[in-house]
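Structural description and commentary
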Amino acid sequence: MNDLTMRFLFFISLFLTTNSFAQKLSKADKSIVANLKTSISYLADDKLEGRRAGTPGEKLAITYITSQFQQAGLSPKGAEGFQQSFEINDGKEIGASAIFSVNGQELKKGSEFFPLAFSPNSGSIEAVVSLSLSESGQPWFKDLGDVLMNNKDNPHFDINSEIQSIIKNAATKGAKALIFYNSSNLADNVKFDPRDKMETAAIPVFYLMSTAREKYLKDLSADYDITLKSDLAEKKRTASNVIGYIDNGAASTIVFGAHFDHLGYGEDGNSMLRNGSKEIHNGADDNASGTAALMELAKLMKKSKSKQNNYLFIAFSGEELGLFGSKYFVEHPTINLTNVNYMINMDMVGRLNDSTKTVTIGGYGTSPAWNNILSGIKKLPFTVRYDSSGTGPSDHTSFYRKDIPVLFFFTGLHTDYHKPGDDADKINYNGELQIIKYITAVVDNSKSLGKLAFTKTREQQTGTAARFSVSMGIMPDYTFSGSGVRVDGVTDGRAAQKAGLKTGDVVVQLGEHKINSMETYMQGLSKFKKGDSTTVKVKRGAEELTFDIVF
Ligand SMILES: [Zn+2]
């Protein structure tokens, strides 16, 4: 086909596509599209700095969503007006009163020294010591340079477990504190890890940067008057869901949800950018699109004649960190969850691809009623791809875990996913309008059916589990900040269920592998293959239980 014909055909299809949508747009539809453009452009504006949970950008979004809910005539259904705030545990940070001084000169926290993240908080320790002496009751210095030199040809050498054993040894021999430094030019990769979950050490432990040692403690045999204080604090931030309600005086309530938080500058390590640059991730599709659709649905349901259900609208925060906002809501519901009829989640509904025109609807298997309700919607402007699972990488999972039927709307991944390029000018607004209209048809088709029955579905394999030859068939709780891996869900018929594990258990050991974080859990799992059997130790409340497990 020659270029001229190609171009002619291209323009015809473009004209037809846009015009076919445009032609059908009523006045009401046009105003919905205009509102979507306004909301998505605002939420995805650089001013909101990527709406990271717990930041000023998130607060601007909260103010905007709240005013939209108010204009739509919703009543507040948060814990504080429209808001439901919750804390995010960001791990540890160096405490304000941490000290390391040498002959009266204070070293800089973080850049010259830091207490290791598993160091216990301590009072002030004062002593006159030299780097070469290790006397009981005194702080000791330990040169990691020697350790590295001695192990530079040892492929199995693990600095972290070596550090643990050095600490244990020093503590046993009466060291009051331990200060690591590295006089060699071999890298030791010792860092302050805010998310560290190692057991607290027996004595305060510090790391001294080599530049600082050169500057303040150059002479290894000299005596120095030092003062030490180990202080670590919990790093927390507060985020907020925004919740509005339409009370129709009905027995059951339909929940509409969409997360409005996004990645900020990628500080939480969930950016797809691999160059380490700190850029604003505008999150127009993820998920300003769903949030804008939520606000338009609020306006439509307020005017709707379908009063057989009440309607609850939740803009979640903290989703990008691991469904924090929706988990918090189902654990602290502001309405009675048993009256929830079903939940509709919209996450990335703004990039309906003009060629494939496919919308994925997840949760199809979570109620026997969905088949009739959805197949009853005719003349679809897009193709529907059904996914039966009630779980997946978004907020409907939190409701599914409470045995609530869910539907999840998603227009698919694209090259701008979790990148700064996810901008408002790439949104398919007409496509999003069609999805909103589809959702109102779902509500309409279900209105005379009363409360829908719930059915369990298979668990969708997400991220980590899919990469291993074996898995236990548990859903980890990513919001858990304690030591171990908390079980958020157990998949029917899989190893964990057969072994006897339950939701709420905290996995602390797999065979001989101690588990204190997702990382050590995955390391432990990777040691086993299909058919292997071992034991799994869990904490269940105050009890510690051990089960035999077969992969
Ligand atoms: Zn998202």
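Residues numbered from 1 in each chain as written. Predicted model: local features only at pLDDT ≥ 70, side-chain atom pairs only at ≥ 80, totals over all residues. Heavy atoms only, no water.

Thoughts on the environment of Glu544
Tracing the backbone shows Glu544 in strand S23 (residues 543–550). Residue Glu544 is classed as partly exposed on the basis of its relative accessible area of 47%. As a C-alpha pair, Glu544 and Val507 span 37 residues in sequence and 9.7 Å in three-dimensional space. In contact with Glu544, not counting residues within four places along its chain, are Val508, Lys537, Val538 and Lys539. (Helix = DSSP H or I, 4+ residues; strand = E, 2+ residues; numbered from the N terminus. Buried < 20%, exposed > 50% of the residue type's maximum accessible area, 1.4 Å probe, protein only. Contact = heavy atoms within 4.5 Å.)

What to know about the confidence of the model for the chain
For any part of a model where pLDDT is low, the fine detail of the predicted coordinates should not be relied upon. With 93% of its residues at a pLDDT of 70 or more, the chain has an overall mean of 90. With pLDDT under 50 throughout, residues 14–20 is counted as low confidence; its partners more than four residues away or in other chains account for six contacts. (pLDDT = per-residue confidence, 0-100.)

Description of the side chain of Gln84
Inspection of the secondary structure assignment puts Gln84 in strand S2 (residues 83–94). Residue Gln84 is classed as buried on the basis of its relative accessible area of 2%. A distance of 2.8 Å separates a polar atom in the side chain of Gln84 from the backbone oxygen of His332. Leave out the neighbours within four places in its chain, and Gln84 touches Gly78, Ala79, Ala239, Ser240, Asn241, Ile243, Tyr328, Phe329, His332 and Thr334. (Polar contact = N/O pair within 3.5 Å; in protein donor to acceptor, adjacent residues only side chain to side chain.)

A word on the sheet that holds strand S5 (residues 113–115)
With mixed pairing, the four strands of this open sheet are ordered in space as S5-S9-S8-S7. Each edge of the open sheet carries a strand with a single partner, namely S5 and strand S7 (139–143). Sheet twist, expressed as the mean angle between neighbouring strand axes with direction ignored, is 20°. In terms of strand pairing, S5 meets strand S9 (residues 205–208) through three bridges, oriented antiparallel. The residue bridging Pro115 from the neighbouring strand is Phe206, located in S9. Against the sheet, helix H5 (residues 159–172) contacts S7, strand S8 (177–181) and S9, and its axis sits at roughly 145° relative to S8. (Pairing = 2+ DSSP bridges. Axes fitted to C-alpha atoms, helices over the stretch in contact; angles between N-to-C directions.)

Description of the nonpolar core
With 61 residues, the main nonpolar core has Phe69, Phe256, Phe313, Phe409 and Val442 as its most contacted residues. Examining the composition of this core, we find that nine residues originate from one element, helix H7 (residues 284–303), more than from any other. Excluding residues that lie within four positions of it along the chain, Val442 makes contacts with Tyr342, Ile344, Trp370, Ile373, Leu374, Ile377 and Leu407. Counting residues in each nonpolar core, the second largest holds 45 residues, with Ile166, Ile179, Val205 and Tyr216 among its members. (Core = buried A, V, L, I, M, F, W, Y, C linked by side-chain atoms within 4.5 Å.)

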